[in-house]
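# Observations on the three-dimensional arrangement
Given next are the chains, with one letter for each unit.
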Amino acid sequence: MNPQQPVNRFRDSGPRPPRPKINQSSPQPEIRRSRRSNQQDSSRWGQTRQFIRERPILERVYWFCLKAFLWIFFGSLGYVIALKYIPVMVTPLMVSRWMEGDSTTHSSHIYKKWRSYDEISKEAALAVVSSEDQAFPTHWGFDFDEIQDAIKENKTRKRPRGASTISQQVAKNVFLWNGRSYIRKGLEVYFTVLIELIWGKKRILEVYLNVAETGPMTFGVEAASERFYGHSAASLSRDEAARIAAVLPNPRKFSIAHPSSYVQRRTRQIARQMRYLGGQKYIRNL
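Okay, so let's go over this structure. (Residues numbered from 1 in each chain as written. Predicted model: local features only at pLDDT ≥ 70, side-chain atom pairs only at ≥ 80, totals over all residues. Heavy atoms only, no water.)

### Examining the pattern of salt bridges
If the charged atoms of two oppositely charged side chains come close together, the side chains can form a pair. Taken as a whole and assessed by the stated rule, the structure comprises 11 salt bridges. Residue Lys-201 is joined to Glu-196 by a salt bridge in which the shortest nitrogen-to-oxygen separation is 3.0 Å. Each member of the pair, Lys-201 as well as Glu-196, is classed as buried. Connected via shared salt-bridge partners are Arg-97, Glu-100, Glu-213 and Arg-252. (Salt bridge = Lys/Arg side-chain N within 4 Å of Asp/Glu carboxyl O. Buried < 20%, exposed > 50% of the residue type's maximum accessible area, 1.4 Å probe, protein only.)

### Things to note about helix α6 (residues 166-175)
For α6, the buried fraction is high: 9 of the 10 residues fall into the buried class. The set of residues buried in α6 consists of Ile-166, Ser-167, Gln-168, Gln-169, Val-170, Ala-171, Asn-173, Val-174 and Phe-175. (Helix = DSSP H or I, 4+ residues; strand = E, 2+ residues; numbered from the N terminus.)

### Details of a nonpolar patch on the surface
A cluster of nonpolar side chains, Tyr-62, Trp-63, Leu-66, Phe-69, Leu-70, Phe-73 and Phe-74, forms an exposed patch at the surface whose accessible area comes to about 670 Å². Accessibility expressed as a relative area gives 30% for Phe-73, which makes it partly exposed. (Patch = residues over 30% accessible without salt bridge, like charges linked within 9 Å, V, L, I, M, F, W, Y side chains within 5 Å. Areas by Shrake-Rupley, 256 points an atom, 1.4 Å probe, with all protein chains shown as cover.)

### Remarks on the packing of α6 against helix α7 (residues 182-198)
For the pair α6 and α7, interaxial distance at closest approach is 8 Å and the crossing angle is 110 degrees. Taken together, the axis directions place α6 and α7 in an arrangement best described as roughly perpendicular. The way α6 lies across α7 gives a crossing that is right-handed. Of the residues in α7, those touching α6 at Ser-167, Gln-168, Val-170, Ala-171, Lys-172 and Phe-175 are Arg-184, Lys-185, Glu-188, Phe-191, Thr-192, Ile-195 and Glu-196. Here the residues of the contact of α6 with α7 sort into 5 nonpolar, 3 polar and 5 charged. (Axes fitted to C-alpha atoms, helices over the stretch in contact; angles between N-to-C directions. Parallel < 35°, antiparallel > 145°, perpendicular 65-115°, else oblique. Left-handed = near helix turned anticlockwise from the far one by under 90°. Contact = heavy atoms within 4.5 Å. Nonpolar A, V, L, I, M, F, W, Y, C, P; charged D, E, K, R; others polar.)

### Observations regarding the packing of aromatic side chains
Enumeration according to the criterion identifies 8 aromatic pairs in this entry. When the centroid spacing of 6.2 Å and the interplanar angle of 35 degrees are considered together, the rings of Phe-142 and Phe-144 count as tilted. With 6.1 Å between their ring centres and 40 degrees between their planes, Phe-175 and Trp-199 make a pair best called tilted. Here Phe-175 is found in helix α6, whereas its partner Trp-199 is found in the loop between α7 and α8 (201-211), with 24 residues between them in sequence. (Phe/Tyr/Trp six-rings, centres within 6.5 Å; stacked < 30°, edge-to-face > 60°.)

### So, unusual backbone geometry
Glycine aside, a negative phi is what most residues show, and trans is what most peptide bonds show. In the Ramachandran plot, Met-217 falls in the positive-phi region, its phi being about 60 degrees despite a non-glycine side chain. Checked against the element boundaries, Met-217 lands in the loop between β2 (213-215) and β3 (218-219). What makes Met-217 buried here is its relative accessible area of 4%.

### Comments concerning the sheet that holds strand β1 (residues 111-112)
What the 3 strands build is an open sheet, ordered β1-β3-β2; its pairing is mixed. Two strands bound the open sheet, and with one partner strand each, they are β1 and β2. Alignment of β1 against β3, held across 2 bridges, turns out to be parallel. Bridge assignment links Lys-112 to a residue of β3, and that residue is Phe-219. (Pairing = 2+ DSSP bridges.)

### Let's talk about the side chain of Asp-133
Among the secondary structure elements, Asp-133 is positioned in the loop between α4 (122-132) and α5 (144-154). If sequence neighbours within four positions are ignored, Asp-133 has contacts with Val-128, His-139, Thr-165 and Ile-166.

### A few points about the nonpolar core
Within soluble globular proteins, side chains that are nonpolar tend to cluster in buried spots. Among the nonpolar cores identified, the biggest contains 56 residues, and Val-170, Phe-175, Trp-199 and Leu-205 are the most heavily contacted of them. Other than its neighbours up to four places away in sequence, Leu-205 contacts Tyr-117, Ala-125, Val-128, Val-129, Phe-136, Ile-166 and Leu-286. (Core = buried A, V, L, I, M, F, W, Y, C linked by side-chain atoms within 4.5 Å.)

### Let's talk about the packing of α4 against helix α11 (residues 261-276)
Their axes nearest at 9 Å, the elements α4 and α11 cross at an angle of 105 degrees. The angle between α4 and α11 places the two elements in the roughly perpendicular class. Listed contacts from α11 to Glu-123, Leu-126, Ala-127, Ser-130 and Ser-131 of α4 are Arg-266, Ile-270, Gln-273 and Met-274. Grouping the constituent residues of the contact of α4 with α11 by class yields 4 nonpolar, 3 polar and 2 charged.

### Let's talk about the environment of Leu-277
Looking at the secondary structure, you find Leu-277 in the segment after α11. As for Leu-277 and Gln-134, which are separated by 143 residues in sequence, their C-alpha atoms are 8.7 Å apart. In this structure, Leu-277 is in contact with Leu-126, Ser-130, Gln-134 and Tyr-282, ignoring residues within four places of it in sequence.

Structure, rendered in structure tokens:
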């Protein structure tokens, strides 16, 4: 009997047909589509430029708008950088109040006095953070949780609830006008991002404590402290600072010198919140 032939488990080692060569110089379909798209985009841009060049008025308008945009952008950027180092002595709201005068005394005198952050009691800084923006030390200019909550609540509230952070309020008070419009809101977002990036938390809070409206024709906690308490903001107590913060939502309606029952109740709430946050150490590392 013939022995069983071993099974050849190896592939045939004979000559193989040559593999087709890939032409590396020829673009793949995806690359062709990408190049075609880029050519179309450049062609559209070229047609647009040619359209503008053939119409001198459109060309002048185009260059005017471009130059205006660049001037505004670099001008606003330079102004924000400058205000990081120099005191903010006047704001659009101060000018508005000065022009209209106080409705009760018909006086156009503005009470304001700039004080550095180190010259203001940290109780005042803690009070405004507790009252206006408790997430201030950690957010990047916008509190999106508060914005979502405000949107939900405003569906059923007669009086809309705001969700502006301290950074947004500073951007509005220092650089913009009063009013409600998409343009002003867009600019508020723009300036909020700028001051968060350029100023930092401590400078933002310092400016807020000096420009926030704290009473009729009164701006800043130093002016409020001297006018209504008779002493400097450096020696503000917790209750005094909490009462200043309590009138911030409407300082022309609520009074520091003659607090209503609402202001007194709100003052106690803010003082409790200041203790709950842990006192001054909550804002120590701004």
